[in-house]
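# Coordinate analysis (summary)
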Amino acid sequence: MNDSAKRIASNEKPASRRVNWNDAQAFLAVARHGTLSGAAGALGVGIATLGRRIERLEGAMRIPLFVRQPSGYSLTAEGQALVPRAEALEAAAHAFSTGIEEDEALSGRVRLATAENLATRLILPALPAFRERHPGIAIDLVTDIATASLSRRDADLAIRMVKPERGNVSLRRLATLGYGLYAGLDYLARRPAGAKGGHDDAYITWGERHAHLPAARWVTERLDGREPALTTTSLDAQVVAAEAGLGLAVLPHLLARGRDLTCLEADIGVEQDIYLVIQTDLSRAPRVRALADFLSELIVANREAL
């Protein structure tokens, strides 16, 4: 028997009958999900923490709210009667926080870190629509994501192709950026007969600093010890070099489509997931949330083009 049940059974009065909103929120979550694990996942708290909140609420209310069973939690009659009141508290809390956000004008500066190819081909062309909707929000765009760290406060949010493994951040997978093997028309006209992307082909790839990138590793395997025709430090340079006929290049479809390039292999296995990453403590800031929602909708709507 838990502490609250013992107190209820013995008619012992708890020190206070005040109800904590977090406890009422926990009650609603368990009532809706039927299990501690499901409710804990929905609230983003630990199961032990959620269990303590339910026990504390039952102690404050002096009634059992759930019947504990191996299959989950079911509401008692008293618990069922409290659901509408808890939902009223939830609505009031939502109205309160919404009022705060509405009072806080959507204005201020948001620092966004992303890859240059996503910025130039997708994000920047769409930003006028965002600015029209939220003219008070100024955006700092950082495209050198190798040095932009959310944990160091270099940026408030990021659209990136590397999943963060640590740091106080919230993330969401939005889409996948596809890559293909591309060649310019001049190169194809001069390409050795029978060449199929092997030893007879010239390649354009990343310099040593970016040798860890999936596209660079793919080219290194194809070169099999040979030197590339050209290395660069930017995708734009690779696109121009491929158009000029310097060799084959592994490029994002987003950048290569619409250029004077031919796709030789459309799916080479180096696609990259695109994540929205936000500093957790800023995830509810209205100006940050507004830009994050806009970018999420933009990228999801363009999944096929990626």
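Residues numbered from 1 in each chain as written. Predicted model: local features only at pLDDT ≥ 70, side-chain atom pairs only at ≥ 80, totals over all residues. Heavy atoms only, no water.

What follows is about the overall build of the chain. The number of helices and strands found in the chain is eleven helices and twelve strands. For the chain, the residues scored as buried account for 40% of the 306 residues in total. Sequence separation of 24 or more characterises 73% of the internal contacts of the chain that already satisfy a separation of 6 or more. (Helix = DSSP H or I, 4+ residues; strand = E, 2+ residues; numbered from the N terminus. Buried < 20%, exposed > 50% of the residue type's maximum accessible area, 1.4 Å probe, protein only. Contact = heavy atoms within 4.5 Å.)

Right, let's get into the pairing of strand β7 (residues 179-184). Among the six residues that make up β7, six are buried, leaving the element largely enclosed by the rest of the structure. Going residue by residue along β7, you find Y179, L181 and A183 tucked away on one face and G180, Y182 and G184 tucked away on the opposite face as well. In terms of strand pairing, β7 meets strand β11 (residues 261-265) through four bridges, oriented antiparallel. Among the inter-strand pairings, L181 is bridged to a residue of β11, identified as E265. (Pairing = 2+ DSSP bridges.)

What follows covers the side chain of T232. Examined against the element boundaries, T232 turns out to sit in strand β9 (residues 230-232). A relative accessible area of 9% places T232 in the buried class. A polar contact is formed between the side chain of T232 and the backbone oxygen of S234, at a distance of 2.9 Å. Not counting chain neighbours up to four residues away, the residues in contact with T232 comprise I204, T205, W206, G207, A237 and Q238. (Polar contact = N/O pair within 3.5 Å; in protein donor to acceptor, adjacent residues only side chain to side chain.)

Further remarks concern the pattern of salt bridges. Scanning all chains against the criterion turns up nine salt bridges. A salt bridge links D140 to R111, with the shortest nitrogen-to-oxygen separation between them at 3.8 Å. Here D140, found in strand β4 (residues 137-142), pairs with R111, found in strand β3 (residues 108-114); they are 29 residues apart in sequence, far enough to count as distant. Residue R111 is classed as partly exposed on the basis of its relative accessible area, which comes to 35%. Taking the shortest distance from any N to any O, the salt bridge between R173 and D273 comes out at 3.2 Å. Highlighted residues: R173 in strand β6 (residues 169-177) and D273 in strand β12 (residues 272-279), separated in sequence by 100 residues. Of the residues examined, D273 reaches a relative accessible area of 28% and is grouped as partly exposed. One network of salt bridges, in which partners are shared, links R109, R111 and D140. (Salt bridge = Lys/Arg side-chain N within 4 Å of Asp/Glu carboxyl O.)

Attention shifts here to the confidence of the model for the chain. Here the chain averages 84 in pLDDT, and 84% of its residues register 70 or above. Confidence, expressed as mean pLDDT per element, reaches its minimum in the chain at helix α1 (residues 3-9) with 47 and its maximum at β9 with 97. Across residues 5-16, where pLDDT falls below 50, the model places 15 contacts with residues more than four positions away in sequence or in other chains. (pLDDT = per-residue confidence, 0-100.)

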